[in-house]
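Chain by chain, the residues:
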Amino acid sequence: MRSALLLATGLWLAGAGSVLPQAPDSTLPEGTFASTKEDCALLATKTPSELGEEFDFEVLTKKGLVGYQQVCDFVNVFAHDGKSWVATAFCEEAGYTYPDLFSIKQKDDGRLNVTRITDLTQQGGYDASAQSDTGETDAPEESGGAGATGDHSSGPSTLDQQAASESYSAFVKCDTVKP
């Protein structure tokens, strides 16, 4: 009797699993993606570590994003549908570690549009003076006008909105990369 009950339960679970809607594939597209086709041509003959200072672009794979002195390892990837994902990442750059969130959308032509939440090139992302021995930075200085004291009650500035709308990068698939 007990084995019949186990068999019936197993068959019921198997049947229920085939009826339930399947979750979208949570894996990112296969291959290596770079900022431009010219960058892909560089990757055909050299790895990012071999490129050294010539490596002034970003490379995206299923494992994460690599840039000059920057590495973001994807920790989790969640599918929205068959062509868009959200990925959480653990990133390291210039001696700093931080979490990041990526939105990745595959276009019909195969390119990937990638939007990051964290942009360390923006002022306030981290203490930029730690990168320089002199304490000088390349970041623009805030003017002494209204809002310079950090009062953001009026909403995001035009510059913040522009940066948010342009904070994505398009990546093209590289046909050949050096292993």
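Quick note: structure is the one above.
**Observations concerning unusual backbone geometry**
Part 1: The backbone of Q69 shows a phi angle near 55°, a positive value even though the residue is not glycine.
Part 2: With respect to the helices and strands, Q69 occurs in the loop between β3 (64-67) and β4 (70-81).
Part 3: Here A94, not a glycine, exhibits a phi torsion of approximately 50°, which is positive.
Part 4: Position of A94 among the secondary structure elements: in the loop between β5 (84-93) and β6 (96-106).
Part 5: Judged by its relative accessible area of 37%, A94 is partly exposed.

**Some points on the state of the cysteines**
Part 1: If you walk through the whole model with that rule in mind, you get two disulfides.
Part 2: The partner cysteine of C40 in its disulfide is C174, sulfur to sulfur 2.0 Å. Between C40 and C174 the disulfide shows an S-S torsion of about -75°. By sign, it is left-handed. Linking C40 in helix α2 (residues 37-45) with C174 in strand β8 (residues 168-174), this pair joins segments that are 134 residues apart in sequence.
Part 3: C40 sits in the buried class, given a relative accessible area of 7%.
Part 4: Classification of C174 as buried rests on a relative accessible area of 5%.

**Overview of the nonpolar core**
Part 1: The biggest cluster of nonpolar side chains holds 17 residues, and the ones touching the most others in it are L60, F74, F102 and I104.
Part 2: Listing elements by their share of this core, those giving two or more residues are β4, β5, β6 and β7 (112-116).
Part 3: Broken down by element, the residue count for this core peaks at four residues, all from β5.
Part 4: Excluding anything up to four places from it in sequence, L60 contacts G31, T32, F33, L65, F74, L112, V114 and F171.
Part 5: Grouped together as the second largest cluster of nonpolar side chains are nine residues, A34, L43, F57 and V59 included.

**Considerations on the packing of aromatic side chains**
Part 1: In total, this model carries two aromatic pairs according to the counting rule given.
Part 2: Ring centres 4.9 Å apart and planes at 85° place the aromatic pair F55 and F57 in the edge-to-face group.
Part 3: Residue classification places F55 among the buried residues on the basis of a relative accessible area of 3%.
Part 4: Here F74 and F102 contribute two aromatic rings whose centre-to-centre distance is 5.3 Å and whose plane-to-plane angle is 75°, an arrangement assigned as edge-to-face. Separated by 28 residues along the polypeptide, F74 in strand β4 and F102 in strand β6 bring together distant segments of the chain.

**Side note on the pairing of β6**
Part 1: As defined by bridge partners, β5 adjoins β6 across ten bridges and the pair is classed as antiparallel. What sits directly across from C91, in β6, is Y98.
Part 2: Joining the antiparallel neighbours β5 and β6 is a turn of two residues, in which A94 adopts a positive phi near 50°.
Part 3: With five bridges connecting them, β6 and β7 associate as antiparallel partners. Directly across from K105, in β7, lies its bridge partner N113.

**Description of the pattern of salt bridges**
Part 1: Applying the stated criterion to the full structure yields six salt bridges.
Part 2: Between D109 and R111 there is a salt bridge whose closest N-O contact spans 2.8 Å.
Part 3: By relative accessible area, which is 31% here, R111 ends up partly exposed.
Part 4: Linked by salt bridges that have partners in common, E58, D100 and R116 make up one network.

Parameters at a glance
Residues numbered from 1 in each chain as written. Predicted model: local features only at pLDDT ≥ 70, side-chain atom pairs only at ≥ 80, totals over all residues. Heavy atoms only, no water. Helix = DSSP H or I, 4+ residues; strand = E, 2+ residues; numbered from the N terminus. Buried < 20%, exposed > 50% of the residue type's maximum accessible area, 1.4 Å probe, protein only. Disulfide = S-S within 2.5 Å. Core = buried A, V, L, I, M, F, W, Y, C linked by side-chain atoms within 4.5 Å. Contact = heavy atoms within 4.5 Å. Phe/Tyr/Trp six-rings, centres within 6.5 Å; stacked < 30°, edge-to-face > 60°. Pairing = 2+ DSSP bridges. Salt bridge = Lys/Arg side-chain N within 4 Å of Asp/Glu carboxyl O.

Keep in mind these numbers describe shape, not what the thing actually does.
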